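Observations on the model geometry
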Amino acid sequence: MGEPVESALSVKTTGSKLLLPVSEHSGFPLDQVNFLACQLFALAAAFWFRLYLSPSHASPLVRHAVAALLGIAFLIFCFGWYSAHILLVVLASYFIVIKADINNVHRYSMVAAMGYLTACQVSRAFIYNYGVLSTDFSGPLMIVTQKITTLAFQLHDGMCKKSEQLTSGQKPLAITARPSLLEYLSYNLNFLSVFVGPCSNFNEYIDFIEGRHVSRRLRRHFGTWNGQNGYDKTPEPSPVNAVCRKLLVCSGCMLFFLTVTRSLPIRYNGDPHFVSRAPFLTRLTYAFFSIHAARPKFYFAWTLADAVNNAAGYGFLGLDENGKPSWDLICNLNILGIETATSFKRFIDSWNIQTGIWLKTVCYDRAPKHRLALTFILSALWHGVYPGYYFTFITAIPITMAARAVRKSVRIYFLGFRGLKLGYDILTWAATQLAICYTVMPFLLLAVEPTLVYYRSMYFHIHIISILAVIALHWKHKPSEPSATTKRFSSSSSSSSSSSSSSLCSAQCQPVHSSNIDKVD
């Protein structure tokens with residue numbers, strides 16, 4: 001009974017219907033079939049791009065043009081005339097980059113890109129009544145929004161700020177000249193990341209196109225430079241092993257999705273009939289396993305996108321401590337870190353990593369105050385306007401604060417004994433996974449009614465526990481006035497400790513490649 005309806009919905013797509021027979025035979029919607037076909041074609045094209053259009057065989061102009069044209073062709077294949085939305089926002093944003101006052105280019109770009117994205121998200125959520133159509137182009141538009149705003153902020157850094165005003169992480173990414181139209185189109189629409197990203201930095205992408213991407217990182221390791229006319233003749237590490245490993249992960253995720261995920265639908269968590277009949281522990285257990293079962297589809301999409309970039313020779317991070325090449329520069333997730341996370345922060349730092357870096361780059365590092373709340377709000381706006389998104393991000397704020405307070409107050413008592421530390425890790429793993437399950441459920445349920453049904457069925461227990469923990473531990477650690485003895489001791493010891501504290505700070509405050517926005521550890 002379900003197949004004719006699905007087939008009828010598939011025909012409505014504005015994208016290509018060339019693979020409609022495959023869609024009808026497999027039972028997958030046409031948009032998913034088109035997406036997978038484009039990503040697999042992109043994987044093959046990426047190998048060709050690295051081998052036959054390498055910087056030693058083709059000029060940057062040719063590499064830019066091919067990358068952009070293939071990306072645009074993929075968009076048209078999947079979305080038809082709806083791809084005009086993505087092209088329009090990219091061209092409008094380039095006009096802003098070229099014509100706007102450089103002091104405000106980042107503000108104008110943020111308003112334009114986020115405004116257009118929000119307008120499209122509103123139409124998707126309310127005009128189509130929560131439907132996720134086969135013509136849904138919001139995914140690529142979300143990636144383009146990240147790239148547009150990242151470039152604009154880094155352009156402002158490079159052309160408006162002095163070097164001493166930038167952090168050590170911002171300096172190498174600052175853009176010192178406005179990009180050409182071809183560079184801008186290639187960066188935003190290249191076939192490697194046009195569908196699901198990940199978002200990368202403009203300077204790193206240009207290094208990749210012009211042949212400096214790998215050589216610069218090898219030079220940091222070996223301290224040599226063999227370049228001629230900007231291109232290093234040193235043999236580059238092959239990404240084949242990394243690509244094969246990531247494709248193996250994709251295969252496992254696809255198998256898990258086909259065999260397990262479909263048998264644990266998320267919607268049951270907000271189904272009044274299920275909630276009214278199942279006892280609390282059953283509801284809690286089902287929520288836990290259904291959330292875990294929903295993750296592999298994200299693992300599949302992000303890992304495949306990472307493999308496509310690596311196949312083209314992009315994403316080289318450097319050599320690890322064993323001298324082996326690492327291709328995780330633009331990796332978007334750490335599956336092991338997600339599944340074994342013992343803190344809210346560690347989970348967030350391992351999930352959708354490049355989006356976390358984007359939020360840190362354009363919001364958290366630049367907001368004058370209320371940085372955590374503003375970052376969560378921007379993240380919710382970027383994801384869309386479904387009410388469930390805002391339930392998730394608002395719920396995350398007290399949970400983040402509570403996790404930070406608990407870790408600061410309790411963790412220290414468990415570090416001295418190995419057995420206690422293991423018990424603490426097991427307890428915090430279970431608490432973290434249950435808190436994540438509770439927090440992200442509205443994100444998948446989307447609407448207000450099923451979200452409230454779910455939270456009522458859970459008795460709002462995570463909300464209550466988090467708020468009580470924040471209040472209790474805040475009073476426990478409320479600072480008191482220092483005594484006169486403490487003041488005298490502090491005064492006498494300040495000069496002798498200044499040099500040691502300075503060296504300690506320099507050791508502890510080194511930038512790391514992470515999406516960490518200081519939420520909680």
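Looking now at helix 11 (residues 240-259). Relative to the 28 Å expected for 20 residues at 1.5 Å per residue, helix 11 spans 29 Å between its end C-alpha atoms, a close match to the ideal helical length. Every buried residue of helix 11 is accounted for by Ala-242, Val-243, Lys-246, Cys-250, Cys-253 and Phe-257. Within helix 11, the buried residues cover an arc of 90 degrees as seen down the axis, which keeps them to one side. Helix 11 presents Asn-241, Leu-248, Leu-255 and Thr-259 as exposed residues on the side facing more than 90 degrees away from its buried surface.

For the rest of this paragraph, the subject is a nonpolar patch on the surface. A grouping of Trp-48, Leu-51 and Tyr-52 is seen on the molecular surface, where their side chains present a nonpolar patch of about 350 Å² in accessible area. Within the fold, Leu-51 resides in helix 3 (residues 30-52). Given a relative accessible area of 45%, Leu-51 falls into the partly exposed group.

Next up on the list: the confidence of the model for the chain. Looking at the chain as a whole, the pLDDT averages 85, with 84% of positions reaching at least 70. Element-level mean pLDDT values for the chain span from 39 in helix 23 (residues 484-508) up to 98 in helix 8 (residues 181-189). Ignoring residues within four places in sequence, the model shows residues 224-231, a span with pLDDT below 50, making 16 contacts including any to other chains.

Moving on, we get to empty space enclosed by the protein. Throughout the structure, instances matching the rule amount to one cavity of 30 Å³ or more. In this model, the largest cavity occupies a volume close to 40 Å³. For the largest cavity, the full set of lining residues is Leu-284, Leu-434, Cys-437, Tyr-438, Tyr-454, Met-458, His-461 and Ile-462. With three residues, helix 20 (residues 418-445) is the single largest residue contributor to the lining of the largest cavity.

For the rest of this paragraph, the subject is unusual backbone geometry. A cis amide bond links Gly-197 to the next residue, Pro-198, at an omega of 5 degrees. Tracing the backbone through its elements, the reader meets Pro-198 in the loop between helix 8 and helix 9 (202-210). Even without glycine at this site, Leu-446 takes up a positive phi of about 75 degrees. Within the secondary structure, Leu-446 sits in the loop between helix 20 and helix 21 (448-457). Overall, the relative accessible area of 16% leaves Leu-446 in the buried class.

Parameters at a glance
Residues numbered from 1 in each chain as written. Predicted model: local features only at pLDDT ≥ 70, side-chain atom pairs only at ≥ 80, totals over all residues. Heavy atoms only, no water. Helix = DSSP H or I, 4+ residues; strand = E, 2+ residues; numbered from the N terminus. Expected span 1.5 Å × (residues − 1). Buried < 20%, exposed > 50% of the residue type's maximum accessible area, 1.4 Å probe, protein only. Arc of directions from axis to C-beta. Patch = residues over 30% accessible without salt bridge, like charges linked within 9 Å, V, L, I, M, F, W, Y side chains within 5 Å. Areas by Shrake-Rupley, 256 points an atom, 1.4 Å probe, with all protein chains shown as cover. Salt bridge = Lys/Arg side-chain N within 4 Å of Asp/Glu carboxyl O. pLDDT = per-residue confidence, 0-100. Contact = heavy atoms within 4.5 Å. 1 Å grid on protein atoms, 1.4 Å probe; cavity = no way out; pocket = protein on both sides within 12 Å on 5 of 7 lines; lining within 4 Å. Points joined across faces, edges and corners; volume = space filled by probe spheres on them.

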